[in-house]
Every structure is written in structure tokens, then in C-alpha cells.
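# Structural characterization, general
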Amino acid sequence: MKFDTPATQNPIDQLKIVGHGVDRIDGPLKTTGTAHYAYEHHDTAPDAAVGYVLGSAIAKGRISSMDIEAARRAPGVLAVVTAQNAGKLGKGKMNTATLLGGPDVEHYHQAIALVVADTLEQARAASRLIRVQYERARGAFDLAAEKDAADKAGKPPQADRVGDFEGAFAQAAVKIDHTYTTPDHTHAMMEPHASTAMWQGDALTLWTSNQMIDWGRSDVAKTLGISKDKVRLISPYIGGGFGGKLFVRSDALLAALGARAAKRAVKVALQRPLIANNTTHRPATIQRIRIGTTPDGKITAIGHESWSGDLPGGKPEEAVQQTRLLYAGANRLTALNLMELDLPEGNAMRAPGEAPGLMALEIAIDEMAEALKLDPIEFRVRNDTQVDPEKPDRPFSQRSLIECLLSGAERFGWTARNTQPGTRREGRWLVGMGVAAAFRNNLVMDSAARVRLDAAGQVIVETDMTDIGTGSYTIIAQTAAEMLGVPLAKVVVRLGDSSFPVSAGSGGQWGANSATAGVYAACQKLRTAVLDKLGFKSEGATFADGSVTEAGGRTALLRQAASDGELVVEGGVEFGDLDKKFQQSTFGAHFVEVAVDADTGETRIRRMLAVCASGRILNPKTARSQVIGAMTMGVGSALMEELAVDHRVGFFVNHDLAGYEVPVHADIPSQEVVFLDETDPTSSPMKAKGVGELGLCGVGAAIANAVYNATGVRVRDYPITLDKLLAGLPAITDRA
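What you see is a predicted model, and the numbers here were worked out from it, not measured in a lab. (Residues numbered from 1 in each chain as written. Predicted model: local features only at pLDDT ≥ 70, side-chain atom pairs only at ≥ 80, totals over all residues. Heavy atoms only, no water.)

This part is about the UniProt feature "domain: Aldehyde oxidase/xanthine dehydrogenase a/b hammerhead" (unreviewed entry) in the protein chain. Mapped onto the present numbering, the UniProt feature "domain: Aldehyde oxidase/xanthine dehydrogenase a/b hammerhead" (unreviewed entry) falls on residues 32–138. Helix makes up 12% of residues 32–138 and strand makes up 33%, while its end C-alpha atoms are separated by 51 Å. (UniProt positions renumbered as here; feature names shortened; annotations may be inferred. Helix = DSSP H or I, 4+ residues; strand = E, 2+ residues; numbered from the N terminus.)

Written out as C-alpha cells, the structure reads:
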């Protein structure tokens, strides 16, 4: 079906099953250990050998020699794969660097060899026997240094302008001009990047942990130089992705190459250091924000410039995109500047662009409010806009930012916040509150599904949509049950297989809305097939309680339509240009209360609230889980997460979960999530949007603003660690 006009009343609006907080139907499999992940397909690949990846020990240069003979002769070794013996390899569309390096090395820990053996221990031991000689080349590893060099060279930044930013800023009655930095981040998902590969003749089956099945299948085929129809990707369960598994990584390619060389199934899981250095990460940013206003707080000029780095051929972190849409202002400047760095590949991590962008922008908004002596919420309200500020003739389809802010303020007790920073004390703790707006664009992708009805009245849904722990199985089952009038127990959902129709995949908070819309379209076709089979007229027919009722009152059991054979249909949704006619975005407000130890500078989160306006919420229970998980990630980004770069040799030093700190249960107190009751007919037939990224957007800034309110110390350099607070805390002699 073509979705090119806003949705009208449809079966989803019944909300008998959709919109309810249903338990995840895959929960029992996950909790009993019977959900098979990419490394665990012992049933279909029972004799799989094990591959161990050797990563480059330099960040840039060439391999001058590699001696693999001792490794090949080691006990249990079946094959050693290198670029020299792997045959001609291409590069996937989604990859910036090649997945198997050699002789050129593009980044530290780039895969340069795979040892395949009967056991992991044998493969790992043999990898230590490979002797590699390198010719190290000079590399660029320091974003700030590269930016400074570009500035000194007079390299003009690229910028998008609306109106006369420079003139308006110069004439503004009140203005700020500050620079903010965010560090490199790694996804730190629980399940490592892992794949199991098996060849049958010239056809490859690859069980892999991948969020986007069709993208992955295409890139595997392109890299191996084989036809796409010779590749089958299967990924029914994914133990976290956060964008790090949007694209095929070296585990998938090397498992395929290892299986071909060893002539048996091979499984590969990347070691934790290689997850940080070999796969993708969120790049660091340097962001300059300038805002000018009238005396009463109306923005007249807003400028946001960002610098980030990536390998040659890569792309910048789009940290300015929310600034183009979030607040009113006639004169605007945004700029993305890309520095070429020889660090591992920068790419998507949960809420790419808005996550680091709002970490800067929403501090700047608070700083502007303080300069104006306005409440931070009031300043945001005064600069709301119901149209795209760069294209005023293009309205937002829905925009409830003010309602999120005001209802959240009332719920959180914002009026109790001390307006003078550093003045609320509870024993040794300095206590403060902070707020930030949340924003994430609504993206949609064409999606399809196959739906079957069998003689027992069971509905089977098949689509290559994935579930990265988000609840895709459940909301797809809810959609099918609602559309066909059957209980959830009568719906079976099969996901993550490239032999199924192509869906949106999981990422960018587009998955739930797009994939369920595809299932909706397929179920519409099945409803028509059922009515035709039963000889019922379609107008006024209803599907409920496992039965179909014609407008005239004639009724039949749904299963009767498949009594002489299974009914099978394929259908999907193709999105038109409604997202061009309307600016489709999601909005929210994050509120945080923190306590900072007046002696040590340690920060503790006390409570958090997120208010989200994100279209129809398909399952409030799984959506809440998405948001509180995102809020937790925001705590990490604000207070602890940072990939430390060794600027001498170009790698991330703290490349494991011992050195890369993430929040644990003890760091997270009460979290409350509120969803505003809204629908967006311009988004999809489901009238939904996404919420998984929105829960992260703005959290870091809300924490930073709360820390400032507690201490009076403004930190513009994330993470907000105690060393950045200590010098500004009240002296011991000043304390009661």
C-alpha cells in the first residue's frame, strides 16, 4: 500500500490489543536461555570450528611481512585467513574501512588475520604465533589538534545560513558564545559482535548479530563478490546493538572466509577490545554555540558549529541537526566540519547527531536563560515554534514540546528548585535540579511482511525486521492480532531472516513504526483474501474474537477461510512524501535531580523524569523499558563514559568493560516515564512514531544543568567527572 495521505480511522484505532502494556512474548525464551543468539546455533551448525581475530598493532601504515606458518602448524588449527590468501574482496557500501586489512592498515585493531581451530583456546594460542612486521606511518589522532591546524591554515568552515546570523548576533541585546566538547563513546552492548557461517556449495548462510538484515546481506555479497541470492542472513535475537550492529563488521566477513577455508561451519565473536577499536563508535565533538536574544528573551540569532573526525571517506557526527528545528529564530547558522582522523571508524550510535548535539545545545539554552534572568523552562517556551524555522511554510505534524515541559515541571516539583546555584544543602550534599528539551526526528522506511492463516486459525507473521531487545516480536504480534481479530496466543512472529520480506530493521527509532505499518499493510491484504474466500462483502465487515462478521450479520470463524489450505499473502507499506509536507519529529522533556558531595565532587543521580510526545505508543510497557534504558545511557554519557585516546599511537586505551565505565544498578535511582496521549496520522497507518532514541536525547544536558544548579560550577567538557568540579566547590571554611 502507498501511504501518501494522512491515516484515517482504521482497525488499529480499536486499541483492543495495540496500545496495551503486553509482556514481551519472547521473554520466556530469553529468561530460560532457549533464545539462540548468533554464536549459539549448535543445532544447525553442530560441528562449528572457532575463529579468533588478530587485530593490527598499529593505527596507520603497512604490513611489511606476516609469517603464519607456525600458527598453521599449531595443534587444532584448520586454517589461517589473511588478506593475502582470502582472494579478491570488495568493500561494503556501509563500511568506511575494509573489514580485512593488509597490506595497508587503516586503523588500530583492524582485523588482519583469522585463525580457525577446533577450540577457542587453540585458535587464540595459535594467533600468538603469527609474526607481523609493520611499517608505521604518521597518523592524525587528536581532534582538537586537527581543528586548531585547520583554523591556523584559514580553512573556512562550511555553513548553512538562514537570514543574517552574523549581523543579528552582533546587534543582539543579550548573547552567549561558548564551546562544548563530547568525547568518543563506544556502544558497550552486552552481546559481542558475533557470527556463525556455513557454506553449502556456493551458498552462504550467516547467523549474525545484525540490526539491518537487507543492508547486511547486500554488503556481505558485495564484499565477497557473490550474488546476493547466494547469501542468507539470519538474526532472530540480538543482545543489544545501539547502532553498532547496523552494518556488517569483521566478525561476519571473517566467519564466512574462515568457513570457506576450513570447509566447515565457523563461528567468530570479537574480543571486547576489538569491539571498541575494530567496530564503529560515536565520534568526539567540539561544538561552538552562539545565541543572541532581545531583552525579553526572544532568540534573534542562533549558531551551532560542530567539529568531529572520521577516517577518509567517512562522515561527520551530525550534532547540529536538532538546532535547525528545535527553537524559533529568524537568523540561523549551522555547520558540520569533518576532520580526517586515523582512529577507528566513527558511525551511528543511539540517537546519532541529536545525542551529542543536545548535550551542548541544552546547556547553552540554560546559560542563555541565566543571562536573561529567566527560568530555563520559560525561556524555552518563549522560543517555541509550530513551523520549521528554516522553512516557515512547512508545519510540524505534531509538536507538544511546551506540554512536555510544563506537565513535567508540575510533576517533578520544578517550583521547589533554587534559582541561585549552589545554595541547597542536605548535610554534605549539594542538591540541584536540571531540565532539558528532548528532540528526535521521526524517520520512516518502506517495510513488508508475509502473513499466513492456517486451518487452526493461527496467524504467522514473517518479516526480516529484527529485535535488539526492544520488543519487536511483541508489537508486531499485537498489530497482527488487532488487524485480524485474534488473541495474541494465536499469533506466531518470525523475524530476522533474509528469506522473509524486507522490513525497516532496527535503528534510528524508525523500526517499530515502520515495521508494524508493513505488517498492517500485509494484514489488510489477508483480510481481503479471507473475505473473498468466505464470499463476504468487504464493506462494513469486522474481524473480532476469531470470527469474521459481514455487515448484514452473517458470521464465520476466521479459520474457515483456510479450511482447504493455508492462506498466504505478502504486502507492505511504501511511504510517500508526507514527511516532506510536514516536519515529523518527536519531543520530550527530561528532568533530573542530582546530589554532589561537597567534599569529593562525586555526583549521584537522585531521580529522573522523562515526558515524551511520540505519537501512538504501541506498547507502553516495552516503550517505557526503551526510555528508561536510554535515560540510563544518558547518565553514562554525562558522568562517566569516555573512550580515552592515546594520541601517540592512535587507539582507544580503555577498550574493555573494566576501563570503560558504564552505569550500573547502584547508579540509577527512581526513573519515571510519562507518555502524552497523542497520535500522528501523517506518520504511518499506525499513527505512531519512535521513542527509543528520544529517551536519550537531552538527558546529558539535564544532568549537567542539575550539577550546575547544585554546585554553581559550569562544566562544558563531558563527562562531568569530579576533577572538573573540585576547584569550584565551596571551600571547607565556608561550610556550616
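The subject of this paragraph is the pattern of salt bridges. On inspection of all chains with the given rule, the structure shows 50 salt bridges. Close ionic contact of Asp-151 with Lys-147 constitutes a salt bridge, the shortest N to O distance being 2.9 Å. In this pair, Asp-151 and Lys-147 are both assigned in helix α4 (residues 143–152), four residues apart and thus about one turn of the helix distant. Given a relative accessible area of 41%, Asp-151 falls into the partly exposed group. Taking the relative accessible area as the measure of exposure, Lys-147 reaches 14% and is therefore buried. Linking Glu-390 and Arg-324 is a salt bridge whose minimum nitrogen-to-oxygen distance equals 3.0 Å. (Salt bridge = Lys/Arg side-chain N within 4 Å of Asp/Glu carboxyl O. Buried < 20%, exposed > 50% of the residue type's maximum accessible area, 1.4 Å probe, protein only.)

As a further point, take the packing of helix α12 (residues 472–484) against helix α13 (residues 511–534). Closest axis-to-axis distance for the α12/α13 pair is 9 Å, and the angle between their directions is 30 degrees. Our classification of the angle between α12 and α13 gives roughly parallel. Here α12 runs over α13; the crossing is right-handed. Listed contacts from α13 to Ile-475, Ile-476, Thr-479, Ala-480, Met-483 and Leu-484 of α12 are Ala-512, Ala-515, Thr-516, Val-519, Tyr-520, Cys-523, Gln-524, Leu-526 and Arg-527. Of the residues contributing to the contact of α12 with α13, the split by class is 11 nonpolar, three polar and one charged. (Axes fitted to C-alpha atoms, helices over the stretch in contact; angles between N-to-C directions. Parallel < 35°, antiparallel > 145°, perpendicular 65-115°, else oblique. Left-handed = near helix turned anticlockwise from the far one by under 90°. Contact = heavy atoms within 4.5 Å. Nonpolar A, V, L, I, M, F, W, Y, C, P; charged D, E, K, R; others polar.)

In this section: the sheet that holds strand β26 (residues 555–557). One open sheet accounts for three strands, arranged β24-β25-β26; its pairing is antiparallel. Sheet topology places β24 (542–544) and β26 at the edges, where each strand pairs with a single neighbour. Between one strand axis and the next, the sheet turns by 20 degrees as a mean value, whatever way the strands run. Both β24 and strand β25 (residues 547–549) contribute to a ladder of three bridges, which runs antiparallel. Note that in β25 the partner of Ala-544 across the bridge is Ser-547. (Pairing = 2+ DSSP bridges.)

On to a positive patch on the surface, then. Together, Lys-91, Lys-93, Lys-222 and Lys-315 make up a region of like positive charge exposed at the surface. In this structure, Lys-315 sits in the loop between β15 (299–310) and β16 (331–340). (Patch = residues over 30% accessible without salt bridge, like charges linked within 9 Å, V, L, I, M, F, W, Y side chains within 5 Å. Areas by Shrake-Rupley, 256 points an atom, 1.4 Å probe, with all protein chains shown as cover. Lys, Arg positive; Asp, Glu negative; His and termini not counted. Charge placed at Lys NZ, Arg CZ, Asp CG, Glu CD.)

Turning next to the domain arrangement of the protein chain. Split into domains, the protein chain comes out as domain 1 (2–35 + 444–580), domain 2 (49–138 + 204–227 + 236–266) and domain 3 (390–441 + 584–728). Of note, the centres of domain 1 and domain 2, computed from C-alpha atoms alone, are 39 Å apart. If you look at the interface, domain 1 gives 21 residues, while domain 2 gives 12 residues. By the criterion of area lost to domain 2, the three top residues of domain 1 are Ile-468, Tyr-473 and Ser-498, representing 33% of everything that side buries. Remark: the boundary between domain 1 and domain 2 carries zero salt bridges. Here domain 1 and domain 2 share four residue pairs in polar contact (both at pLDDT 80 or more) between them. Residues belonging to the side of domain 1 that touches domain 2 are distributed by class as follows: nine nonpolar, seven polar and five charged. (Domains from an automatic or database assignment. Buried area = accessible area lost by both parts, 1.4 Å probe. Polar contact = N/O pair within 3.5 Å; in protein donor to acceptor, adjacent residues only side chain to side chain.)

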